[in-house]
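So the chains spell out like this:
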Amino acid sequence: MKFIKATENDIPLIQDLARRSWENAYAEILSKEQMEYMLSTMYSQEEISHQMKNPDYHYYLIQDDRTGSFEGFLGYEIGYELNTTKLHRIYLAPESKGKGFGKETLRFLNKEVSEKGNKRVILNVNKYNSAKKFYESQGYNVYDEGVFDIGNNFFMDDYLMELIIHK
């Protein structure tokens, strides 16, 4: 498995991977209208480009080094809070799930976070998303929950999870 630093040229691939992942992961959780709204705002060319210009925000493509296929992507922000990295995005194509890509991606993230001197990783996960169990299996714990207004009369109902990195 390879982690390739994404550039603005990779935005269409990130958008495609996000759509494929979301249509699988959120089909039973979000309405089509909310999914389209979130994909069109959170994954617009402008939004991703803006994030890529932030030196603390990093996007990586996840590539299967055996086949050369892109299996997903990772987006995180170092120093989101004091000594804390925010895992904003980790999405895998549906056919990639259960093959170890998620675990390996979190190991890669933990290494990156440690090298930058952060000691904690936080993330939001939808309360009805089965990914919560995956994060718990990797050492993450729920520390809070929240309902977030994301505009257009849509809300995210999330658990807030954290992992404390021990060196």
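Remember, predicted model here, so these are calculated numbers, not experimental data.

In this structure, the largest pocket occupies an estimated 1,100 Å³ of space. Together, 46 residues line the largest pocket, and Tyr26, His88, Ile90, Tyr91 and Asn124 are the ones closest to its centre. With seven residues, the single largest contributor to the lining of the largest pocket is strand E4 (residues 84-92).

This part covers the sheet that holds E4. The mixed open sheet is built from seven strands, whose spatial order is E1-E2-E3-E4-E5-E7-E6. Each edge of the sheet is formed by a strand with only one pairing partner; in this case those strands are strand E1 (2-5) and strand E6 (141-151). Across the sheet, the mean angle separating the axes of adjacent strands is 30° when strand polarity is ignored. Both E6 and strand E7 (residues 154-164) contribute to a ladder of nine bridges, which runs antiparallel. Residue Asp149 lies in a different strand from E7, and its bridge partner there is Phe155. In this fold helix H1 (residues 11-25) packs onto strand E2 (57-63), strand E3 (70-81) and E4, with an angle of close to 100° to the strand it touches most, E3. Contacts from helix H3 (residues 45-52) reach E2 and E4 within the one sheet, and its direction differs from that of E2 by about 110°.

About the thresholds
- Residues numbered from 1 in each chain as written.
- Predicted model: local features only at pLDDT ≥ 70, side-chain atom pairs only at ≥ 80, totals over all residues.
- Heavy atoms only, no water.
- 1 Å grid on protein atoms, 1.4 Å probe; cavity = no way out; pocket = protein on both sides within 12 Å on 5 of 7 lines; lining within 4 Å.
- Points joined across faces, edges and corners; volume = space filled by probe spheres on them.
- Helix = DSSP H or I, 4+ residues; strand = E, 2+ residues; numbered from the N terminus.
- Pairing = 2+ DSSP bridges.
- Axes fitted to C-alpha atoms, helices over the stretch in contact; angles between N-to-C directions.
- Contact = heavy atoms within 4.5 Å.

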